[in-house]
Amino acid sequence: VQLVESGGGLVQPGGSLRVSCAASGFTFSRYAMSWYRQAPGKEREYVAVIKSDGGSTNVADSVKGRFTISRDNIKNTVYLQMNSLEPEDTAVYYCKAVILQRDYWGQGTQVTVSA
């Protein structure tokens, strides 16, 4: 199982960014995928989840209305579209898959929101 995040970077407050997570080594279309983030000095926190067929999603209250999770089961990739970014969104963003009750994480991608 391999998860590789990309797309992070520096963005101004109010800006947008889309991060991606490319998956390999398992049947991607059979598993839910989720995004988490970890800010400096804080615990890793849940951001969003999407079911295997993409038909159902959920996002944390802190990002509701600003972040959208989606997936492409042909490209084996899950996305997190982030709009109206705030400095508090600064964190390393990780994707996660749970396969046979084991958590798999990517290496993360840094998102920095600053003027």
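Attention here is on the structure that accompanies the text. (Residues numbered from 1 in each chain as written. Predicted model: local features only at pLDDT ≥ 70, side-chain atom pairs only at ≥ 80, totals over all residues. Heavy atoms only, no water.)

1. A few points about the overall build of the chain
Of the regular secondary structure elements, the chain holds zero helices and 11 strands. Reading the chain from its N terminus to its C terminus gives the helix and strand order β-β-β-β-β-β-β-β-β-β-β. Taking 2.2 N^0.38 as the reference for a compact globule, 115 residues should give roughly 13 Å; the C-alpha atoms of the chain span a radius of gyration of 13 Å, in line with that estimate. Considered along the principal axes of its C-alpha atoms, the chain spans approximately 40 × 25 × 25 Å. Taking all 115 residues of the chain together, the buried fraction comes to 42%. Taking the intrachain contacts of the chain between residues at least 6 apart in sequence as the baseline, contacts between residues at least 24 apart amount to 52%. Here the chain displays about 6200 Å² of accessible surface, and carbon together with sulfur accounts for 45% of that area. One way to put it: in the chain the 12 positive side-chain charges average out to a point 6 Å from where the 10 negative ones average out. (Helix = DSSP H or I, 4+ residues; strand = E, 2+ residues; numbered from the N terminus. Rg over C-alpha atoms; globule rule 2.2 N^0.38 Å. Buried < 20%, exposed > 50% of the residue type's maximum accessible area, 1.4 Å probe, protein only. Contact = heavy atoms within 4.5 Å. Areas by Shrake-Rupley, 256 points an atom, 1.4 Å probe, with all protein chains shown as cover. Lys, Arg positive; Asp, Glu negative; His and termini not counted. Charge placed at Lys NZ, Arg CZ, Asp CG, Glu CD.)

2. A short note on the pattern of salt bridges
Enumeration according to the criterion identifies six salt bridges in this entry. For K64, the salt bridge identified is with D61, shortest N-O distance 3.1 Å. Here the two residues K64 and D61 agree in accessibility, since each one is exposed. A salt bridge links R66 to E86; the nearest nitrogen and oxygen atoms lie 3.9 Å apart. (Salt bridge = Lys/Arg side-chain N within 4 Å of Asp/Glu carboxyl O.)

3. Description of unusual backbone geometry
Despite not being glycine, N76 shows a phi value in the positive range, around 55 degrees. Mapped onto the fold, N76 is located in the loop between β7 (67-72) and β8 (77-82). Exposure remark for N76: the relative accessible area of 25% places this residue in the partly exposed category.

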